[in-house]
Every structure is written in structure tokens, then in C-alpha cells.
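Summary of structural features
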Amino acid sequence: MSASCYCCSGKPFSQCCEIYLSGKAYPNTAEALMRSRYSAYVTGNLPYLRKTWHPDTCPELDSNDLQTRWTRLEVIKSKQGLKKSIVEFKAWFSDEREGGAGSEERALHEISLFKLNKKRWVYVSPLDAWP
Ligand SMILES: [Zn+2]
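The sections below set out a description of the structure shown in this document.

The rules behind these values
Numbers given for residues are sequential positions, taken from 1 along each chain in its written order. Totals for whole chains, interfaces and linings use all residues, but because this is a predicted model, local features are given only for residues with pLDDT of at least 70 and pairs of side-chain atoms are given and counted only at 80 or more. As a convention, hydrogens and water are excluded, and side-chain values are obtained from all of the structure's heavy atoms. To define a nonpolar core, start from buried Ala, Val, Leu, Ile, Met, Phe, Trp, Tyr and Cys residues and group those joined through side-chain atoms within 4.5 Å. Only protein chains enter the accessibility calculation, which uses a 1.4 Å probe; a residue whose area is less than 20% of its type maximum is buried, one above 50% is exposed, and one in between is partly exposed. Starting at the N terminus, helices and strands are each numbered in turn, a helix being any DSSP run of H or I of at least four residues and a strand any DSSP run of E of at least two. By definition, residues are in contact when any of their heavy atoms lie within 4.5 Å. In this scheme, strands are said to pair when DSSP sees at least two bridges between them. Because no water is among the atoms considered, metal sites can look incomplete, with donors defined as N, O and S atoms within 2.8 Å of the metal, or 3.2 Å for Na, K and Ca. Site shape is set this way: if four donors have all angles between 85 and 135 degrees, tetrahedral; if opposite donors are over 155 degrees apart and all others between 65 and 115, square planar for four donors and octahedral for six; otherwise irregular. Here the axes come from fitting lines to C-alpha atoms, over the contacting stretch only for helices, and the angles between their N-to-C directions go from 0 to 180 degrees. Distance and chemistry together define a polar contact, namely a pair of N or O atoms within 3.5 Å, with one atom able to donate a hydrogen and the other to accept it when in protein, and with adjacent residues in sequence counting only for side-chain atoms on both sides.

In this section: the nonpolar core. Within the largest apolar cluster, 29 residues are counted, with the highest numbers of intra-cluster contacts made by Cys 7, Cys 17, Met 34, Tyr 38, Leu 73 and Phe 114. Where this core is concerned, the elements lending two or more residues are helix 1 (17–21), helix 2 (30–43), helix 3 (46–51), strand 1 (69–79), strand 2 (84–96) and strand 4 (120–127). Considering every element that reaches this core, the biggest residue donor is helix 2, with 6 residues. Residues contacting Met 34, with those up to four places away along its chain left out, are Leu 73, Val 75, Val 87, Phe 89 and Phe 114.

The side chains of a regular strand alternate, residue by residue, between the two faces of the sheet. As judged from the 13 bridges shared by strand 2 and strand 3 (residues 103–117), these two strands associate in the antiparallel manner. Across the sheet, the residue bridging to Lys 90 is His 109, located in strand 3. As paired elements, strand 3 and strand 4 share 7 bridges and run antiparallel to each other. Bridge pairing in strand 4 places Asn 117 opposite Arg 120. The turn joining strand 3 and strand 4, which pair antiparallel and follow one another in sequence, is formed by 2 residues; a positive phi near 50° is taken by Lys 118.

So, about the coordination of the zinc ion. At this site the zinc ion is bound by Cys 5 (SG), Cys 7 (SG), Cys 16 (SG) and Cys 17 (SG), with donor distances of 2.3 Å. Classification of the site at the zinc ion as tetrahedral follows from its 4 donor atoms and the range of 104 to 114° in their angles at the metal. Mapped onto the sequence, the residues coordinating the zinc ion show the spacing C-x1-C-x8-C-C. Of this pair, Cys 5 sits in the segment before helix 1 while Cys 17 sits in helix 1, and the two are 12 residues apart along the sequence. Note on accessibility: Cys 5 and Cys 17 belong to one class, buried.

Consider a sheet: its strands pair through backbone hydrogen bonds, and that pairing is either parallel or antiparallel. Taken in spatial order, the 4 strands make up an open sheet running 1-2-3-4, and their pairing is antiparallel. The open sheet has two edge strands, strand 1 and strand 4, and neither has a second partner. The average angle at which neighbouring strand axes cross in this sheet is 35°, direction not considered. Contacts from helix 2 reach strand 1, strand 2, strand 3 and strand 4, with the element oriented near 170° to strand 1.

Turning to the side chain of Thr 52, a few remarks are in order. Among the structural elements, Thr 52 can be located in the loop between helix 3 and strand 1. For Thr 52, a relative accessible area of 0% gives the class buried. Here Tyr 48 takes part through its backbone oxygen, which lies 2.8 Å from a polar atom of the side chain of Thr 52. A polar contact of 3.3 Å, which involves the side chain of Thr 52, links it to the backbone oxygen of Leu 49. The contacts of Thr 52, once residues within four sequence positions are left out, are Tyr 26, Leu 33, Arg 37, Val 122 and Tyr 123.

Mapped onto the secondary structure, Glu 18 falls in helix 1. Of the residues examined, Glu 18 reaches a relative accessible area of 30% and is grouped as partly exposed. As a C-alpha pair, Glu 18 and Ser 39 span 21 residues in sequence and 8.4 Å in three-dimensional space.

Shown next, in the form of C-alpha cells:
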């Protein structure tokens, strides 16, 4: 039995994001890509985050981008297009309070734009609203 995937798909990691993170396959939908990018943040896979970011918008990524303690992912809705796709999600994280006063779970709520680049889905940027 392998553990269930970080992206909360309910599937084992070995049959979900690990296939993409290990490079055995590339996600063929924006939602699968988004889920695998979440798992890359959780597992600290910077090369994967770079590979799946549009070259025009990819920032300089370093280990500071991996400090967040992600707890779970909730995909709200996604719209798969031919060249452009949109995924709305909440990525939950644990926010450590100062002075060891426990932690609070908060969510990053984002509507993300994905585009096809060289026949592969890549993350472009957040959107302000559904187009
Ligand atoms: Zn997964």
C-alpha cells in the first residue's frame, strides 16, 4: 500500500503525481499539471516547478519558495481548453504563529492560467477572475 497522493486526488502517490514528478510522463491536462505542481511544492522539487512554468513568466526560484508548509489541496473547478486552460483551487497551508501559540490553517485561493507551450501544458500566471 502506498500513501495517498499529496494533491488529495485519493489515488496513491505512485499512481498519481509521482509519475509526473519522476519524469516518466507529462500531464496531459492542466488540472493534472496543477496537481503535480502542488505535489512538487510539497516535496521540494524545484526542477519540476521550473519545467512546468511558462518560460516568459517563470521567476528565479530558490529554496525560499519552498518554505510554506502545505497541508492539502482543493480543486474548485477547471476548464480545459485547446490552447488555454484555467484551474481554480485552494491550497491550504499551516501558518505558524509567533511565540509557539499553535498554528492556523489558511488557504491560498487562486485562479490559474495554463497554456500549451511546445505541446506541453505549463503554468502561466494567476488571473484576477474567471475570464
Ligand atoms: Zn497527485
